[in-house]
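Structural features, examined
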Amino acid sequence: MAKITGAQMIIKCLKEEGVEVIFGYPGGKVIPLYDALFDSDIKHILVRHEQGAAHAADGYARVTGKTGVCIATSGPGATNLVTGIANAYMDSIPMVAITGQVSRAQIGTDAFQEADITGIVAPVTKHDYLVKDVRELPKVIKEAFKVASTGRPGPVLIDIPLDVTTDLIDENFKVEINLPGYKPTIKGNLKQVKQAAKRIAESKKPVIFAGGGIISSGASDVLKKFVKIAKIPVITSLLGMGSFPEDNQLSLSMAGMHGTKYANLTFTEADLIVAIGVRFDDRVTGKLSEFAPNAEIIHIDIDPAEIGKNVKVLIPIVGDAKIVLTDLKNEYENYIEKKGIPDRKDWLTRIKYLKNAYPLKYDRNSSKIKPAYVIEKIYELTGGDAIICTEVGQNQMWAAQFYKFTQPRTLVSSGGLGTMGFGLPAAIGAKIGRPDKTVIDIAGDGSIQMVSQELSTAVTNKINIKIMLLNNGYLGMVRQWQEFFFKRRYSQTCIHNCVDFVKLVEAYGGVGISVKKKEEVEGAIKEALGINNVVLVDFWIDKEENVYPMVAPGSPISEMLESEMLEGV
Amino acid sequence: MGHIISVLVENKAGVLAKISGLFSRRGFNIESLAVGPTDDEKISRITLEVNAEEHSIEQIIKQLYKLINVIKIQELNPSNIVERELVLIKLSADSKARPEILEIVNVFRANIVDVARKSLMVEITGNSTKVRALEDLLRPFGILELVRTGKIACSRGSKD
């Protein structure tokens, strides 16, 4: 039987898992692996920093639903991946990260470029492996992809010593996977589903709280069908945006710290929350003891540890969102067929009133470039059909508020970890995953500078993403907190004029467009969308514009700070 | 409240580190810990004693289940288990003290496992109460060293 190297076996196994693209960066301990990759038709995108590889794999996974793959060398290569892995872990994104490691005999000796990467990432991975025998490779890689992509998805790291990649192995060597402790519950308990259907039908003021779980399980269509039948308003988490079309009259968009006032008030008035694939993050609930004071909670989640973690739950259902929702829809239909359609006219009237009374606002008459205006124009000019990646901070919240997400997998944003510098590399990954789509990174001038070297990755690989930079010369979200809660003492948040972004992108071979007047906004976006290259549009927005509404930390979500200036606008 | 959790895990490198890491980062202190293989050499049993509220224990068990190498978890009901720990106590003891120590050791059905000119070593197995009682009685003689295993426990057979 023909023998191949461990490195060749890795590539062979990745092919078997259907891997089409890898994001990575070579180094001493992965040279054999990159040598094997040289003969493969798997596409490799060379990033400029390993963090970019992890974020790109993450962005790729979010838009395709496939498992993202990244590679880094041992030591600093591996540790540079950590932020990206932690980001994927917090947002339940399927990812396999492969790291080189020093040879087996050198492990534990503080060898050159040695880091205990499995020890370092244990708290931020779903699982990790250190491969000590070339014969483990086929099994470990198969297991890693299974663990990463099933149940509650998440990142898995495989650490492979150099000499394992050079050892020889029979090319057809196989061992069955063996995961005795891994049995995610997929089908929800039908008795509880029936109870839930009954409780929903009896509820006078129900609301659905849809999260990233809807998107990762592909449950958006079922959710739409269920809502159509049950006529229940839908609030999403940040990661749930796109799971239910925001142009639907029952959509209340996002709740929480910067959520819509009508979503936060709906939570506060509701008597029942049907939460699906969400984890009641503190950014959503605000002061926990006053969150949804009148509501009982039905919580559907594939991860039993999320149920009852933050809020008290009346009916827990552990299972895959799509399967449970399908059962729930059927049971609900059966129930109302027998008992009649519940009358919720008052509640729906109230929802309609809240939406009309408390719309998202900004000063439309301002002569300055308002970030919300830019986002609205992006929405208009892309027909809402683009994939929107965001950085973290004000830019992210404005994007979430003013772009109407109507399709799943169209918002790519770092939710749980809140990673500045996520958007640009994630957009690169997203564009690789969905080359047919316009991919836009809504950026901030702080965030993008954490990863601006990835402009080079985009330009050299002709990954024609469009970067819409909301440039206010501040680390804006922190500045906003300093304005509200620290007497406007702008400690270390001013980054005015630190770089000419147009020249920066041009230096990499992309196109830069500077926009300093409101009248130029629309034309610049149109121009950017029409250019067949990486384009960065540098919008000089109103410097001290804040994100409203805002729930102050520690306050209940029913109490929102709003701009007084905006009354009546 | 002390809870005894018995965890069956795959007998692989790094598993114990994952479990203890999970406890520390979720803010729980492990009171006692014992690890050893079961009748199946591929599976180890980890017995943990943890002080925590009921709600926290529920959450920690759920989090433990998320570790891929964890196969099964049992929270043992303290009223229906046999629990044991093993303790070795090295005492300062000259010939004058020995008779009294021997008497105490006999009452507790403990054993003397080593005798030297100025010291001796007592071995006792039992539950925490018994071990603590013996420890208290021996303390006045001068404990030179005390080594104890973590607690292990097994649920009793059904009584019907």
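Bear in mind that the values here come from a model prediction, so they are computed numbers and not experimental data.

**Things to note about the packing of helix α15 (residues 371-382) of chain A against helix α21 (residues 521-530) of chain A**
Helix packing geometry: the angle between the two helix axes and the distance between the axes. All names here are of chain A. Look at α15 against α21: their axes get within 10 Å of each other, and the N-to-C directions meet at 45°. It follows from the interaxial angle that α15 and α21 lie oblique. Viewed along their axes, α15 and α21 form a crossing whose handedness is right-handed. Contacts between α15 and α21 involve Tyr 373, Val 374, Lys 377, Ile 378, Leu 381 and Thr 382 on the former and, on the latter, Val 521, Glu 522, Ile 525, Lys 526 and Leu 529. Here the contact of α15 with α21 is composed, by residue class, of 7 nonpolar, 1 polar and 3 charged.

**A closer look at unusual backbone geometry**
Residue and element names in this part refer to chain A. A cis geometry characterises the amide bond from Tyr 548 onward to Pro 549, with omega recorded as -5°. With a phi angle near 55°, Ser 92 is a residue other than glycine that sits in the positive phi range. By the secondary structure assignment, Ser 92 is in the loop between α4 (76-90) and β5 (95-101). Look at Asn 497: it is not a glycine, yet its phi comes out positive at around 50°. Along the polypeptide, Asn 497 turns up in the loop between α19 (476-485) and α20 (501-507). Under the relative-accessibility criterion, Asn 497 is labelled exposed at 68%.

**A look at the pairing of strand β6 (residues 111-115) of chain B**
All names here are of chain B. Inspection of the sheet shows β6 paired to strand β7 (residues 119-126) by 4 bridges, in the antiparallel sense. Pairing of Asp 114 across the sheet is with Met 121, part of β7. Counting the residues between successive antiparallel strands, the hairpin from β6 to β7 contains 3 residues.

**Here we look at α15 of chain A**
Residues and elements named next belong to chain A. Relative to the 16 Å expected for 12 residues at 1.5 Å per residue, α15 spans 17 Å between its end C-alpha atoms, a close match to the ideal helical length. Across the 12 residues of α15, 9 count as buried, placing the element largely inside the fold. Along α15, the residues classified as buried are Pro 371, Ala 372, Tyr 373, Val 374, Ile 375, Glu 376, Lys 377, Ile 378 and Thr 382. Looking at the residues trailing α15, positive phi occurs at Gly 383, about 60°.

**A short note on the interface of chain A and chain B**
Between chain A and chain B, the residue contacts involve 19 residues of the former and 14 residues of the latter. Buried area between chain A and chain B, summed over both chains or domains, comes out near 1,300 Å², and the portion from carbon and sulfur atoms is 51%. Counting the surface chain A buries against chain B, the share from its top three residues, His 127, Gly 181 and Ala 305 of chain A, is 31%. For the pair chain A and chain B, the number of links is 2 salt bridges. Summed over the shared surface of chain A and chain B, the result is 5 residue pairs in polar contact (both at pLDDT 80 or more).

**Describing the nonpolar core**
Residues and elements named next belong to chain A. In this structure, Phe 23, Cys 70, Leu 81, Ile 85, Ile 448, Ile 465 and Ile 467 are the most contacted members of the largest nonpolar core, which totals 51 residues. Tallying contributions element by element places helix α3 (residues 50-64) first for this core, with 7 residues. Both domains that furnish three or more residues to this core are identified here as domain 1 (3-170) and domain 3 (371-547). If sequence neighbours within four positions are ignored, Leu 81 has contacts with Glu 50, Ala 53, Ala 54, Cys 70, Ala 72, Ala 97 and Thr 99.

**Topic: the sheet that holds β5 of chain A**
Residues and elements named next belong to chain A. Taken together, 6 strands build an open sheet; the order of strands is β3-β2-β4-β5-β7-β6 and the sheet is parallel. Lying at the two open borders of the sheet, with one neighbouring strand each, are β3 (43-46) and β6 (127-130). Taking the axes of each pair of neighbouring strands and ignoring which way they run, one obtains an average angle of 20° across the sheet. One ladder, built from 7 bridges, connects β5 with strand β7 (residues 155-161); its direction is parallel.

**Remarks on the state of the cysteines**
Per the counting criterion, the structure on display carries 0 disulfides over all chains. Of all cysteine sulfurs, the one in Cys 70 of chain A lies closest to Cys 13 of chain A, which takes part in no disulfide; the gap is 17 Å.

**Quick notes on the domain arrangement of chain B**
Residue and element names in this part refer to chain B. Under the domain assignment used here, chain B contains domain 1 (2-76) and domain 2 (81-155). Every contact between the two is made by 8 residues of domain 1 and, on the other side, 7 residues of domain 2. In total, domain 1 and domain 2 occlude about 600 Å² of area from one another, counting both sides; carbon and sulfur atoms represent 62% of this. There are 1 salt bridge connecting domain 1 and domain 2. Where Glu 49 meets Lys 151, a salt bridge forms, and the shortest distance between an N and an O atom there is 3.0 Å. Where domain 1 meets domain 2, there are 2 residue pairs in polar contact (both at pLDDT 80 or more). For the side of domain 1 that touches domain 2, the secondary-structure elements that each account for two or more residues are β2 (30-37), β3 (43-51) and β4 (70-76). Class assignment for the residues of the side of domain 1 that touches domain 2 results in 4 nonpolar, 3 polar and 1 charged.

**A word on the domain arrangement of chain A**
Residue and element names in this part refer to chain A. On domain assignment, one finds that chain A holds domain 1 (3-170), domain 2 (190-357) and domain 3 (371-547). Between the C-alpha centres of domain 1 and domain 3 there is a distance of 29 Å. Taken residue by residue, the interface counts 25 residues in domain 1 and 26 residues in domain 3. Summing both sides of the interface, domain 1 and domain 3 together bury roughly 1,900 Å²; the carbon and sulfur share of this comes to 65%. Contact with domain 3 buries area across many residues of domain 1, yet Arg 48, Arg 62 and Val 63 alone supply 33% of it, more than any other trio. Our count for the domain 1 to domain 3 interface comes out at 0 salt bridges. Taken together, domain 1 and domain 3 are joined by 10 residue pairs in polar contact (both at pLDDT 80 or more). Examining the composition of the side of domain 1 that touches domain 3, we find that 11 residues originate from one element, α3, more than from any other.

**Quick look at a nonpolar patch on the surface**
The grouping of Phe 485, Phe 486 and Leu 561 of chain A at the surface amounts to a nonpolar patch, some 260 Å² of accessible area in total. The class of Leu 561 of chain A is partly exposed, set by a relative accessible area of 33%.

**Structural notes on the packing of aromatic side chains**
The geometry of an aromatic ring pair comes down to the distance between the two centres and the angle between the two planes. All names here are of chain A. With the rule as written, the count across this model stands at 14 aromatic pairs over all chains. Ring plane angle 85° and centroid distance 5.6 Å describe the contact between Phe 226 and Tyr 332, whose orientation is recorded as edge-to-face. Of this pair, Phe 226 sits in helix α10 (residues 220-230) while Tyr 332 sits in helix α13 (residues 321-339), placing them 106 residues apart in sequence. In this structure, Phe 226 and Tyr 332 share a single accessibility class: buried. Both rings, one in Tyr 379 and one in Tyr 403, keep their centres 5.1 Å apart while their planes meet at 80°; by these two values the pair is edge-to-face. Within this pair, whereas Tyr 379 is found in helix α15, its partner Tyr 403 is found in the loop between α16 (394-402) and β16 (411-412), the two being separated by 24 residues in sequence. Using a relative accessible area of 21% as the deciding quantity, one classes Tyr 379 as partly exposed. Through successive ring pairs, a cluster of aromatic residues spans Phe 209, Phe 267, Phe 280 and Phe 291. In this arrangement the basic side chain of Arg 479 is found over the ring face of Tyr 474, its NZ or CZ atom lying 5.4 Å from the centre. We note Lys 516 situated over the ring of Trp 540; from NZ or CZ to the ring centre the distance is 4.3 Å.

Rules used in this analysis
- Residues numbered from 1 in each chain as written.
- Chains lettered and ligands numbered in written order.
- Predicted model: local features only at pLDDT ≥ 70, side-chain atom pairs only at ≥ 80, totals over all residues.
- Heavy atoms only, no water.
- Axes fitted to C-alpha atoms, helices over the stretch in contact; angles between N-to-C directions.
- Helix = DSSP H or I, 4+ residues; strand = E, 2+ residues; numbered from the N terminus.
- Parallel < 35°, antiparallel > 145°, perpendicular 65-115°, else oblique.
- Left-handed = near helix turned anticlockwise from the far one by under 90°.
- Contact = heavy atoms within 4.5 Å.
- Nonpolar A, V, L, I, M, F, W, Y, C, P; charged D, E, K, R; others polar.
- Buried < 20%, exposed > 50% of the residue type's maximum accessible area, 1.4 Å probe, protein only.
- Pairing = 2+ DSSP bridges.
- Expected span 1.5 Å × (residues − 1).
- Buried area = accessible area lost by both parts, 1.4 Å probe.
- Salt bridge = Lys/Arg side-chain N within 4 Å of Asp/Glu carboxyl O.
- Polar contact = N/O pair within 3.5 Å; in protein donor to acceptor, adjacent residues only side chain to side chain.
- Core = buried A, V, L, I, M, F, W, Y, C linked by side-chain atoms within 4.5 Å.
- Domains from an automatic or database assignment.
- Disulfide = S-S within 2.5 Å.
- Patch = residues over 30% accessible without salt bridge, like charges linked within 9 Å, V, L, I, M, F, W, Y side chains within 5 Å.
- Areas by Shrake-Rupley, 256 points an atom, 1.4 Å probe, with all protein chains shown as cover.
- Phe/Tyr/Trp six-rings, centres within 6.5 Å; stacked < 30°, edge-to-face > 60°.
- Lys NZ or Arg CZ within 6 Å of the ring centre and 35° of its normal.

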